[in-house]
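Breakdown of the fold
Residues per chain are reported as follows:
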Amino acid sequence: YLPKTAAAHCKWAEVLKDLEQIKTSQDIDVSLYTANADEDVKCQELVMRCFFLEMKVILHECYITNCSKTQDVFNILKNGKASFENKVNSTTSKKCKECEEYEEKNFTEFIQNFLKVIQRECK
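All figures in this text were calculated on a predicted structure; none of them were measured in a lab.

1. With respect to helix α4 (residues 107-121)
- The terminal C-alpha atoms of α4, which comprises 15 residues, lie 21 Å apart, in line with the 21 Å expected from a rise of 1.5 Å per residue.
- Listed as buried for α4 are F107, F110, I111, N113, F114, L115, V117 and I118.
- Between a side-chain oxygen at the N-terminus of α4 and the backbone nitrogen of T108 the separation is 3.2 Å; the capping residue is N106.

2. Thoughts on the state of the cysteines
- A complete count under the given rule lists 3 disulfides for this structure.
- Paired by a disulfide, C43 and C96 hold their sulfur atoms 2.0 Å apart. The sign of the S-S torsion, about -90°, decides the handedness of the disulfide formed by C43 and C96: left-handed. With C43 in the loop between β1 (31-33) and α2 (44-65) and C96 in the loop between α3 (70-85) and β2 (104-106), the pair connects residues that are 53 residues apart, well separated along the chain.
- The exposure class of C43 is buried, given its relative accessible area of 1%.
- Relative accessible area serves as the criterion here: at 9%, C96 is assigned to the buried category.
- In this model C62 forms its disulfide with C67; the gap between the sulfur atoms is 1.9 Å.

3. Concerning the packing of aromatic side chains
- Per the stated rule, a full pass over the model turns up 5 aromatic pairs.
- Between W12 and F52 the ring centres are 5.6 Å apart and the planes differ by 25°, which places this aromatic pair in the stacked class. Of this pair, W12 sits in the segment before α1 (13-22) while F52 sits in helix α2, and the two are 40 residues apart along the sequence.
- Overall, the relative accessible area of 7% leaves F52 in the buried class.
- When the ring of F51 is compared with that of F110, the centres are 5.2 Å apart and the planes differ by 55°; the resulting orientation is tilted. Taken as a pair, F51 in helix α2 and F110 in helix α4 lie far apart in primary sequence, 59 residues in all. Summarising the burial analysis for this pair, F51 and F110 share the class buried.

4. Description of the layout of surface pockets
- What the second largest pocket holds in volume is close to 210 Å³.
- In terms of lining, the second largest pocket is formed by R49, F52, L53, K56, L77, G80, K81 and F84.
- Among the secondary structure elements, those contributing two or more residues to the lining of the second largest pocket are α2 and α3.
- Residue composition of the lining of the second largest pocket, by class: 4 nonpolar, 1 polar and 3 charged.

5. Concerning the packing of α2 against α4
- Following both chains from N to C, one finds α2 and α4 inclined at 140°, their axes separated by 11 Å at the closest point. By the angle between their directions, the pair α2 and α4 is classed as oblique. The two elements α2 and α4 meet at a crossing, and its hand is left-handed. Side by side, α2 and α4 meet where Q44, V47, M48, F51, F52, E54, M55 and I58 of the first sit next to F107, F110, N113, F114, V117, I118, R120 and E121 of the second.

About the criteria used
Residues numbered from 1 in each chain as written. Predicted model: local features only at pLDDT ≥ 70, side-chain atom pairs only at ≥ 80, totals over all residues. Heavy atoms only, no water. Helix = DSSP H or I, 4+ residues; strand = E, 2+ residues; numbered from the N terminus. Expected span 1.5 Å × (residues − 1). Buried < 20%, exposed > 50% of the residue type's maximum accessible area, 1.4 Å probe, protein only. Polar contact = N/O pair within 3.5 Å; in protein donor to acceptor, adjacent residues only side chain to side chain. Disulfide = S-S within 2.5 Å. Phe/Tyr/Trp six-rings, centres within 6.5 Å; stacked < 30°, edge-to-face > 60°. 1 Å grid on protein atoms, 1.4 Å probe; cavity = no way out; pocket = protein on both sides within 12 Å on 5 of 7 lines; lining within 4 Å. Points joined across faces, edges and corners; volume = space filled by probe spheres on them. Nonpolar A, V, L, I, M, F, W, Y, C, P; charged D, E, K, R; others polar. Axes fitted to C-alpha atoms, helices over the stretch in contact; angles between N-to-C directions. Parallel < 35°, antiparallel > 145°, perpendicular 65-115°, else oblique. Left-handed = near helix turned anticlockwise from the far one by under 90°. Contact = heavy atoms within 4.5 Å.

By themselves, these figures tell us nothing about what the structure is for.
Below is the structure:
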């Protein structure tokens, strides 16, 4: 394990690091439901869950195609799961979208939006 950094006050710091690792990957070619980074604050937990659900799709794709970033994708899921476990399911607004209601976007756009959401959580 790596020593904790100054950014460790954010529970998503490890996820952020791994997202930075995979964002330039050339061998992940999938379309993913991509939540809006500027979604209503009340919907943030659902937005995060949507991104992590879609990361499972990426991981599955990586297992099939043997992509170079499989371990980083796995780490994102593992660290994300740990961050969610200590969070009781909060009630979410009825106006929040389900994951499948978001537009499908390519991997690059997906990662950019995911990064924005995580960075906002880490401020």
